[in-house]
Amino acid sequence: MDLNTENAPPLSLPLKYILACLGSFLLLTALLWLHSGDLISYYRNPTVLGLTHLATLGWITMIIMGAAYQLIPVVLQVPIYSENIGHFGFYLQAAGSAGLVYSFFKFDTNSLVFWGALLLVSGYLFGFNIFRTVMSLSRLDTTAWWITAATLYFLLTITWGWIAVLNLRMGFLEFLGQRVIGFHALLGFVGWFTAIIIGVGYKLIPMFALAHTEGEGLSRTIFALLNAGIILSSAAQLLGLPWIFTAAGLLVAVLAIGLFLQDIRHFFEVRRRRKLDLTMKYVIASLVSLALLVLAGWLVWIGLALGLGPIPPRINLAIGFFGIMGWVSLMILGQLYKIVPFLVWYNRYSSKVGLEPVPLLKDMFDETWGHRFFGLFLAGLTLSTAGLASGASVLTSVGLAVLALAAWGSAATIIDVFRK
Amino acid sequence: MISSEAVMEALRTVFDPELGINVVDLGLIYGVEIEGDKVSVKMTLTTRGCPLHDSIARGVRSAVKALPGVGDATVDLVWEPAWTPERMTESARKELGH
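Residues numbered from 1 in each chain as written. Chains lettered and ligands numbered in written order. Predicted model: local features only at pLDDT ≥ 70, side-chain atom pairs only at ≥ 80, totals over all residues. Heavy atoms only, no water.

Caption draft 1: Highlighting the overall build of chain B. Tallying secondary structure elements over chain B gives three helices and five strands in all. Listing every helix and strand of chain B by position from the N terminus yields α-β-β-β-β-α-β-α. For chain B, whose C-alpha radius of gyration is 13 Å, the value lies close to the compact-globule estimate of 13 Å for 98 residues. Reported as C-alpha extents along the three principal axes, the dimensions of chain B are approximately 40 × 25 × 20 Å. Here chain B holds 98 residues, and 53% of them are scored as buried. Relative to all contacts within chain B whose residues are 6 or more apart in sequence, the contacts with residues 24 or more apart total 60%. (Helix = DSSP H or I, 4+ residues; strand = E, 2+ residues; numbered from the N terminus. Rg over C-alpha atoms; globule rule 2.2 N^0.38 Å. Buried < 20%, exposed > 50% of the residue type's maximum accessible area, 1.4 Å probe, protein only. Contact = heavy atoms within 4.5 Å.)

As structure tokens, then:
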């Protein structure tokens, strides 16, 4: 009998990552609201850098790592190379993330170098663990390629991030400093976050929607295009090539994202599970955010091409904020409504199936409250993005308060699963 | 004497916890063989790589083994022919919103 979850690690491994990511999310949304004035004033200040890294390391990277340890053994049907590395890496990642974020708030460059180095060790341990796991496969399918590529981008992102903080301390890069930061941000957002979501999304979205189609859709084409786009645009950033090269790279990446959205639309059209559950609603909202993000990005580039002058910093900030809190965070929240109930259900009820009535996964959390907080999150996201883009401080503050309320409510709904 | 009807009835108590539909109505059961007190169930699952695989397959085995007169139950999990949504019963389709 083919028992997939025989390869799955014990609950404690993904759970510690999930709890840390939820804690970071609560802190992030509360701090965003408390510091809304700093966001409006100037976006490249220590507070914004601290908040950005709280979001990217504490919230997003933490959940990707936890989900990777949970899902890779199941999806790729191979055990994780070393669970011990996963456990040990967590403490390094948690300490490194907390230290780096605090150092950004204080803008202490010595501490940034130290905590950055710790994160580098943690990241490379994670990468080593994932690569060794993938290498144990007899044949790499498309999902394995996506995971491998995204992990490589993650390692490049943290390496260049550390070089950037080292440069803050020592100033050896001189005029190259800005390019390194652009390279670091682009690799992190498009290479790490977007590639991993697209790659794993190709597996999970049709599975949850019961959308059975022939073959893998355009996954391989999209993989090639997105990687070509990332390499071209990030190399252009690093080498300081004229903006047209970055734009060309991003155009190829946008084409890949457009094809991905088209493929997912097809999955939704042919799905047999017509009723959309909470996760699917989050997924759709996240994909709509991605489409809006691509559109906004292109409007900005067209503006540059037409010589309309530099983008106002507040627009840059609003786009970055929407990317993190819209596209990425909506996807994560939606998946948490699947991952946490599954983990708890699996540990409590899996052995009782067939012997006594057991709850369904949707019975593991309060769906009504989940839907309410979902609506509230969308309202908060819309208001705060509009506030940041227009520079309206009251609107931003109200939007971030609504967002924080929705985030705390959603986290409470998810954590309540442990009582079921 | 164990009947295949009794086995199928027992299997209706095993639900896919994600979809909320029992394995019979989902069309996952390809066949039941009974030899004396031994029951063998040939079945598939909706998707390869589904995290709930072993819970469902183990649940099928437990439900059959709990039937009076069953000495041993085995589950033969197969991927050919692959499951398609057309294998679902009318009530399962309704449950999914069709």
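Caption draft 2: Broad picture of the overall build of chain A. The helix and strand inventory of chain A stands at 13 helices and zero strands. Scanning chain A from its N terminus toward the C terminus, one meets helices and strands in the order α-α-α-α-α-α-α-α-α-α-α-α-α. In terms of overall dimensions, chain A is globule-like: its C-alpha atoms have a radius of gyration of 21 Å, near the 22 Å expected for 420 residues. Seen through its C-alpha atoms, chain A measures out along the principal axes to roughly 65 × 50 × 40 Å.

Caption draft 3: Structural view of the interface of chain A and chain B. The interface of chain A with chain B comprises 31 residues on the first partner and 34 residues on the second. The contact between chain A and chain B buries some 2900 Å² in all, and 61% of this surface belongs to carbon and sulfur atoms. We note a salt bridge from B:Glu18 to A:Arg273, for which the minimum N-O separation is 2.7 Å. Contributing elements (two or more residues each) for the side of chain A that touches chain B: α3 (46-75), α7 (177-209) and α11 (313-349) of chain A. If you tally residues by element for the side of chain A that touches chain B, the top one is α11(A), at four residues. (Buried area = accessible area lost by both parts, 1.4 Å probe. Salt bridge = Lys/Arg side-chain N within 4 Å of Asp/Glu carboxyl O.)

Caption draft 4: Examining helix α4 (residues 83-106) of chain A more closely. Residues and elements named next belong to chain A. Look at α4: 35 Å from first C-alpha to last across 24 residues, which is about the 34 Å you get at 1.5 Å a residue. Its side-chain oxygen 3.4 Å from the backbone nitrogen of Asn84, Ser82 forms the N-cap of α4. Backbone geometry just after α4 places Phe107 at a positive phi near 50°. (Expected span 1.5 Å × (residues − 1). Polar contact = N/O pair within 3.5 Å; in protein donor to acceptor, adjacent residues only side chain to side chain.)

Caption draft 5: Examining the nonpolar core more closely. Within the largest apolar cluster, 152 residues are counted, with the highest numbers of intra-cluster contacts made by A:Leu226, A:Met325, A:Leu336 and B:Met43. It is α11(A) that provides the largest number of residues to this core, a total of 21 residues. Ignoring sequence-local partners within four residues, the contact set of A:Leu336 consists of A:Ile18, A:Cys21, A:Leu22, A:Trp59, A:Ile63, A:Pro341 and A:Ile414. With six residues, the next largest nonpolar core counts A:Leu100, A:Phe104, A:Leu119 and A:Val165 among its residues. (Core = buried A, V, L, I, M, F, W, Y, C linked by side-chain atoms within 4.5 Å.)

Caption draft 6: Quick peek at the sheet that holds strand β5 (residues 72-77) of chain B. All names here are of chain B. The three strands lie next to each other as β3-β4-β5, forming an open sheet whose pairing is mixed. Strand pairing shows two members of the sheet lacking a second neighbour, β3 (29-35) and β5, which therefore form its edges. The average angle at which neighbouring strand axes cross in this sheet is 15°, direction not considered. Sheet topology places strand β4 (residues 38-43) next to β5; six bridges connect them, and they run parallel. Among the inter-strand pairings, Val41 is bridged to a residue of β5, identified as Val75. Against the sheet, helix α1 (residues 4-11) makes contact with β3 and β4, and its axis sits at roughly 135° relative to β3, the strand it touches most. The sheet strands contacting helix α2 (residues 53-65) are β4 and β5, and the helix crosses β5 at an angle near 150°. (Pairing = 2+ DSSP bridges. Axes fitted to C-alpha atoms, helices over the stretch in contact; angles between N-to-C directions.)

Caption draft 7: Representation of the packing of aromatic side chains within the structure. All names here are of chain A. Summed over all chains, the structure comprises 21 aromatic pairs over all chains. Their ring planes at 85° and their centres at 5.1 Å tell us that Trp146 and Phe223 sit as a pair that is edge-to-face. Here Trp146 is found in helix α6 (residues 142-170), whereas its partner Phe223 is found in helix α8 (residues 219-239), with 77 residues between them in sequence. Across the pair, exposure class does not vary: Trp146 and Phe223 are buried alike. Here the aromatic cluster, defined as three or more aromatic residues joined through ring pairs, consists of Tyr17, Tyr69, Phe90, Tyr91, Phe126, Phe154 and Trp192. Positioned over the ring face of Phe208 is Lys338, at 4.9 Å from the centre of the ring. If you follow Arg372 out to its NZ or CZ, it ends over the ring of Trp369, 4.5 Å from the centre. (Phe/Tyr/Trp six-rings, centres within 6.5 Å; stacked < 30°, edge-to-face > 60°. Lys NZ or Arg CZ within 6 Å of the ring centre and 35° of its normal.)

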